[in-house]
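# Chain and residue survey
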Amino acid sequence: MKRIFVAGHRGMVGSAIVRHLEGLGGCEIVVRERDELNLLSQKSVMQFFETENIDQVYISAAKVGGIVANSTYPADFIYQNLMIQNNIINSAHCNNIQDLLFLGSSCIYPKFSKQPITESALLQGTLEETNEPYAIAKIAGIKMCESYNRQYGRNYRSVMPTNLYGKNDNFHSENSHVIPALIRRFHEAKLANLDQVIAWGSGKPMREFLYVDDMAAACVYIMNLDDEVYQKNTQPMLSHINVGTGTDCTIRELVETVANVVDYQGKIVFDKSKPDGTPRKLMDVSRLENLGWKASTSLELGLRKTYEWFLANQGMIRK
């Protein structure tokens, strides 16, 4: 029976990978709490791999945050993410672990990438300034995997997800991303019988969203792809794979769908004085589809599942 280490099992993606692996069965899932294994410590990570006989590794552990956190703590974001992934990848190699999956982010791509964004856009332009340190670390992770593959014949693969949402998301009132922020805002407005909710911007920008359980399914699928199929559809120095739905929606459509899911009956007002951000950000997922995988959860269904989880776990959600 394979022993599979999921680094970052408490996070939204890591917990979804654990759920998916548990559903499949036939493996032993190994996890460690932060106080049990410090991923920033090279010595601790090496000792862990020396003693645990791990067969596969999923790296979903990372220091993450929104625009404010990335802008305020750039040194922390680049240092901690580099250390986490470097320690895990190198220790896995040193202990002869052949199979590893590294999870990155769509922020690796240039700020003004042609839409939809293909894998070949990597390193072809300037990154978004606010999360450049984080993006640089994730790019380094891709190149670490590729380098160990080229030099040592490892099977270290990388996936780059689009915007994710779902169970175990961060619903913090100030630090959350757009979907959990909207779910919480409409839910609280419904409870307070507010007659309107204000949404930032014009509602015209377009975004792509992937339900986190679909992301987990894609990760496990890619990890276990036959080598011949994987190598036929990737390149040694351009091996990462975009993971998304291949479709997007306007922010207005998203806001209205969330309001419907939450059953908020009031008025939605778009504050056009607030910034819209990038007009469009869509991932090209043709490489992923050529490998035989497509997302299966519609946006509305994913939002309903996420809202159900929010309602069931409000006592655990940070204010």
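Higher on the page you've got the structure.
A brief structural summary. (Residues numbered from 1 in each chain as written. Predicted model: local features only at pLDDT ≥ 70, side-chain atom pairs only at ≥ 80, totals over all residues. Heavy atoms only, no water.)

### Describing the packing of aromatic side chains
Two aromatic rings are characterised by how far apart their centres lie and by the angle between their planes. The condition is simple: Each Phe, Tyr or Trp ring (for Trp, its six-membered ring) is paired with any other whose centre lies within 6.5 Å, and the angle between the two planes then decides the class: stacked below 30 degrees, edge-to-face above 60, tilted in between. Think of it this way: any DSSP run of H or I at least four residues long counts as a helix, any run of E at least two long counts as a strand, and we number them from the N terminus. Burial status follows relative accessibility: with a 1.4 Å probe on protein chains alone, a residue under 20% of its type maximum counts as buried, one over 50% as exposed, and anything between as partly exposed. Two conditions define a charge sitting above a ring: the NZ of Lys or the CZ of Arg must be within 6 Å of the ring centre, and it must be within 35 degrees of the ring normal.
Summed over the entire model, instances satisfying the criterion amount to 11 aromatic pairs. Each ring, one from phenylalanine 171 and one from phenylalanine 310, has its centre 5.0 Å from the other, and the planes form 45°; the classification is tilted. In this pair, phenylalanine 171 sits in the loop between strand 6 (163–165) and helix 6 (178–191) while phenylalanine 310 sits in helix 11 (residues 299–312), placing the two residues 139 residues apart along the sequence. Accessibility assignment for this pair places phenylalanine 171 and phenylalanine 310 in one class, buried. Three or more aromatic residues link up through ring pairs in this structure, and these residues are Phe171, Tyr307, Trp309 and Phe310. Lying over the aromatic face of tyrosine 230, arginine 157 brings its terminal NZ or CZ to 4.0 Å of the ring centre. Its end group placed over the ring of tryptophan 200, lysine 274 keeps NZ or CZ at 4.8 Å from the ring centre.

### Section: the side chain of serine 41
Put simply, the test is: Distance and chemistry together define a polar contact, namely a pair of N or O atoms within 3.5 Å, with one atom able to donate a hydrogen and the other to accept it when in protein, and with adjacent residues in sequence counting only for side-chain atoms on both sides.
With respect to the secondary-structure elements, serine 41 resides in the loop between strand 2 (27–30) and helix 2 (42–52). Of note is the side chain of serine 41, whose polar atom sits 3.0 Å from the side chain of serine 44.

### Considering the pairing of strand 5 (residues 155–161)
The test is simple: Strand pairing is defined by DSSP finding a minimum of two bridges between the two strands. By the criterion used throughout, a crossover qualifies as right-handed when its path from the first strand across the helix to the second strand runs clockwise, the strands pointing away from the viewer.
Most of strand 5 sits out of view: seven of its seven residues are buried. The alternating pattern of strand 5 places Asn155, Arg157, Val159 and Pro161 on one face and Tyr156, Ser158 and Met160 on the opposite face, and all of these are buried. One ladder, built from five bridges, connects strand 4 (residues 99–103) with strand 5; its direction is parallel. For leucine 100, the partnering residue across the bridge sits in strand 5 and is tyrosine 156. Following the chain from strand 4 across helix 5 (residues 132–152) to the adjacent parallel strand 5, one finds a crossover that is right-handed. For strand 5 and strand 10 (residues 241–243), the ladder comprises three bridges, and the chain directions are parallel. In the strand pairing of strand 10, valine 159 is matched with isoleucine 241.

### Some details on the environment of alanine 140
This is how it is decided: Residue contacts follow a heavy-atom distance rule, with two residues in contact if any of their heavy atoms lie within 4.5 Å.
Mapped onto the elements, alanine 140 comes out in helix 5. Taking the C-alpha atoms as reference points, alanine 140 and methionine 46, 94 residues apart in sequence, are found 20 Å from one another. Filtering out sequence-adjacent residues up to four positions away, alanine 140 remains in contact with Leu82 and Gln85.

### A look at the nonpolar core
So the rule is basically this: We define the nonpolar core as a collection of buried residues of types Ala, Val, Leu, Ile, Met, Phe, Trp, Tyr and Cys that are connected through side-chain atoms lying within 4.5 Å of one another.
In this structure, Tyr58, Ile88 and Leu100 are the most contacted members of the largest nonpolar core, which totals 69 residues. Among residues more than four places away in sequence, those in contact with tyrosine 58 are Ile4, Phe5, Val6, Ala7, Ile17, Leu21, Leu101, Cys219, Val220, Met223 and Asn224. In this structure, Ala199, Tyr211, Phe270 and Leu303 belong to the second largest nonpolar core, which totals 25 residues.

### Quick look at unusual backbone geometry
For the peptide bond that leads from glutamine 115 to proline 116, omega is -10°, which places it in the cis range. Residue placement: proline 116 occurs in the loop between strand 4 and helix 5. Positive phi, close to 50°, is recorded for asparagine 53, a residue that is not glycine. Relative to the assigned elements, asparagine 53 resides in the loop between helix 2 and strand 3 (56–59). Since its relative accessible area comes to 59%, asparagine 53 is described here as exposed. We note that asparagine 193 has phi near 55°; this positive angle belongs to a residue other than glycine. Mapped onto the secondary structure, asparagine 193 falls in the loop between helix 6 and strand 7 (196–200). Looking at asparagine 193, the relative accessible area reads 68%, which means it is exposed.

### Regarding the environment of glutamine 196
When you line up the elements, glutamine 196 lands in strand 7. The class for glutamine 196 is partly exposed, based on a relative accessible area of 35%. With near-sequence residues (within four places) excluded, glutamine 196 lies in contact with Tyr264, Lys267 and Val269.

### What about the packing of helix 2 against helix 4 (residues 74–94)?
Operational definition: Fitted lines through C-alpha atoms serve as axes, helices being fitted only where they are in contact, and the angles separating the N-to-C directions of these axes extend from 0 to 180 degrees. Each crossing gets its handedness from the near helix: less than a right angle anticlockwise from the far helix is left-handed, clockwise is right-handed.
Contact pair helix 2 / helix 4: the axes reach a minimum separation of 9 Å and the direction vectors enclose 35°. In terms of crossing hand, the pair formed by helix 2 and helix 4 is right-handed. Note on element contacts: helix 4 touches helix 2 through Asn87, Ile88, Asn90, Ser91, Ala92 and Cys94, opposite Gln42, Val45, Met46 and Phe49.

### Some thoughts on the sheet that holds strand 5
Pairing is parallel in the open sheet, where six strands are placed in the order 2-1-3-4-5-10. Looking along the sheet, the strands with just one partner apiece sit at the ends: strand 2 and strand 10. Each neighbouring strand pair of the sheet contributes to a mean axis angle of 20°, computed without reference to strand direction. Of the pairings in the sheet, the one linking strand 1 (residues 2–7) to strand 2 comprises four bridges and is parallel in character. Its bridge partner being in strand 2, isoleucine 4 is matched across the sheet by isoleucine 29. Here helix 1 (residues 12–24) sits on the sheet and contacts strand 1, strand 2, strand 3 and strand 4; the angle it forms with strand 1, its principal contact strand, is near 160°. The strands that helix 5 touches are strand 4 and strand 5; relative to strand 5, the one it contacts most, it runs at about 155°.

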